[in-house]
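# Fold and geometry: a report
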Amino acid sequence: MFYRPEDGHGLPRNPFNALITPRPIGWISTRGADGRDNLAPYSFFNAVAYVPPQVMFASTSAKPDRGDTKDSVGNIRETGVFAVNVVSYALKDAMNATSAGLGREEDEFAVAGLEKAPCETIDCPRVAAAPATLECRLVQIVQLPGEANFVTFGEVTGVHIRDEVLKDGFVDLTAYVPLTRLGYRDYGKIDSLFTLARPDD
Ligand SMILES: Cc1cc2nc3c(=O)[nH]c(=O)nc-3n(C[C@H](O)[C@H](O)[C@H](O)COP(=O)(O)O)c2cc1C
């Protein structure tokens, strides 16, 4: 088939994000100017630069109590900081629980029964049980065409890696099961790895 998005796809569900898989999940923690903590998963997420290390996530659509966006971007606008928590398969249900459309006053850490840990370089909570966390300072929020489409770029100012995830100085992706987002309500668990040398290695 071929379709132009402006004409509609004619399928039972939009196939768009099922074609861009697997996607990492940035589990974004923030603290509002009022001191309230927030946590939500974003799979329009990735690393975008090494030096300095930078990441991005994209927020689409808005919450009625947040004006033109959701709580994560709203809080980052207020404070200029956020943390990206890595999601393991073991944390999938907690991650999913934090995607609920809750009021801005609700703390998803409490809703999902997650322990918080403090960040080192920013005033923001992180998920204590996450295999790793990236502490980030806002670089830029870019508004994209369409309603409530915002891409947030952040520079990584601190990196937490759980001790058991480091083996002989390398991040050991067998120490936990990485979780990836597919299309629809589908996910993947990474439980087999292989290595490919590059032509220039
Ligand atoms: C695995 C997963 C990935 C998601 N990815 C995104 C995303 O990339 N962008 C987005 O706007 N919402 C995404 N959502 C929905 C948000 O998590 C949801 O709207 C959440 O309530 C936003 O929370 P907040 O208002 O606290 O920021 C995702 C949900 C799940 C379960």
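Each value, and the rule that gives it
Residues numbered from 1 in each chain as written. Predicted model: local features only at pLDDT ≥ 70, side-chain atom pairs only at ≥ 80, totals over all residues. Heavy atoms only, no water. Helix = DSSP H or I, 4+ residues; strand = E, 2+ residues; numbered from the N terminus. Rg over C-alpha atoms; globule rule 2.2 N^0.38 Å. Buried < 20%, exposed > 50% of the residue type's maximum accessible area, 1.4 Å probe, protein only. Contact = heavy atoms within 4.5 Å. Salt bridge = Lys/Arg side-chain N within 4 Å of Asp/Glu carboxyl O. Pairing = 2+ DSSP bridges. pLDDT = per-residue confidence, 0-100. Near = heavy atom within 4 Å. Polar contact = N/O pair within 3.5 Å; in protein donor to acceptor, adjacent residues only side chain to side chain. Areas by Shrake-Rupley, 256 points an atom, 1.4 Å probe, with all protein chains shown as cover. Phe/Tyr/Trp six-rings, centres within 6.5 Å; stacked < 30°, edge-to-face > 60°. Core = buried A, V, L, I, M, F, W, Y, C linked by side-chain atoms within 4.5 Å.

## Here's the deal with the overall build of the protein chain
Within the protein chain one finds three helices and 13 strands. For a compact globule of 201 residues, the expected C-alpha radius of gyration is about 17 Å, and the protein chain comes in at 18 Å, within 12% of that figure. Each principal axis of the C-alpha atoms in the protein chain carries an extent, and together these give about 50 × 50 × 35 Å. With 201 residues in all, the protein chain has 40% of them scored as buried. Long-range pairs, those at least 24 residues apart, make up 58% of the contacts in the protein chain with a sequence separation of at least 6.

## Digging into the pattern of salt bridges
According to the stated counting rule, one finds 13 salt bridges in the structure shown. Between Arg-104 and Glu-78 there is a salt bridge, with its nearest N and O atoms 3.5 Å apart. Of this pair, Arg-104 sits in the loop between helix 2 (92-97) and helix 3 (108-111) while Glu-78 sits in helix 1 (residues 71-79), placing them 26 residues apart in sequence. Under the relative-accessibility criterion, Arg-104 is labelled partly exposed at 33%. Exposure remark for Glu-78: the relative accessible area of 37% places this residue in the partly exposed category. One salt bridge in this structure joins Asp-107 and Lys-116, with 2.6 Å as the shortest N-O distance. Residue classification places Lys-116 among the partly exposed residues on the basis of a relative accessible area of 34%. In the salt-bridge network here, residues are joined through shared partners; they are Lys-63, Asp-65, Arg-66, Asp-71, Glu-78 and Arg-104.

## A short note on the pairing of strand 4 (residues 54-59)
Burial analysis of strand 4 places six of its six residues in the buried class, which makes it a mostly covered element. Burial along strand 4 is two-sided: Gln-54, Met-56 and Ala-58 and Val-55, Phe-57 and Ser-59, pointing in opposite directions, are all buried. Examined bridge by bridge, strand 3 (residues 45-49) and strand 4 share four bridges and lie antiparallel to one another. Residue pairing for strand 4: Asn-46 is matched across the bridge by Met-56. Linking strand 3 back to strand 4 in an antiparallel pair, the connection comprises four residues. Across six bridges, the pairing between strand 4 and strand 9 (residues 150-161) is antiparallel. Residue pairing in the sheet places Met-56 in a bridge with Phe-153 of strand 9.

## Concerning the confidence of the model for the protein chain
Taken residue by residue, the protein chain gives an average pLDDT of 97. The fraction at 70 or more is 100%. No element of the protein chain has a lower mean pLDDT than strand 11 (residues 170-171), which averages 97, and none a higher one than strand 4, which averages 99.

## Brief notes about the site of the ligand
Around the ligand, 21 residues are found, and the nearest of them are Asn-38, Tyr-42, Thr-60, Lys-70 and Ser-72. One nitrogen or oxygen atom from the main chain of Asp-71 is found 2.8 Å from an oxygen atom belonging to the ligand. With respect to the ligand, the backbone of Ser-99 contributes an N or O atom lying 2.9 Å from an oxygen atom. Starting from 640 Å² of accessible surface for the ligand in isolation, the protein chains cover 87%.

## Things to note about helix 1
It helps to recall that an α-helix has 3.6 residues per turn; residues three or four apart then point in one direction. Listing the buried residues of helix 1 in full gives Asp-71, Ser-72, Val-73, Gly-74, Asn-75 and Ile-76. Directly beyond the C-terminal end of helix 1, a positive phi value near 75 degrees is found at Gly-80.

## A look at the side chain of Asp-107
Structurally, the position occupied by Asp-107 is in the loop between helix 2 and helix 3. Within the structure, Asp-107 has its side chain in polar contact with the backbone nitrogen of Phe-109 (distance 2.8 Å).

## Overview of the packing of aromatic side chains
Under the counting rule described, the total for this entry stands at two aromatic pairs. Considering the side-chain rings of Tyr-42 and Phe-57, the 4.9 Å spacing of their centres and the 55 degrees angle between planes classify their relative orientation as tilted. Remark: Phe-57 occurs in strand 4 and Tyr-42 occurs in strand 2 (residues 37-42); sequence separation between them is 15 residues. Residue Tyr-42 is classed as buried on the basis of its relative accessible area of 7%. The buried category is assigned to Phe-57, whose relative accessible area is 0%.

## Focus: the nonpolar core
Most often, soluble globular proteins keep nonpolar side chains buried together rather than apart. Among the nonpolar cores identified, the biggest contains 13 residues, and Trp-27, Leu-39, Val-87, Met-95, Leu-114 and Val-127 are the most heavily contacted of them. Contact partners of Leu-39, with chain neighbours within four places excluded, come to Trp-27, Ile-28, Ser-29, Asn-85, Thr-98, Glu-108, Phe-109, Leu-114 and Val-127.

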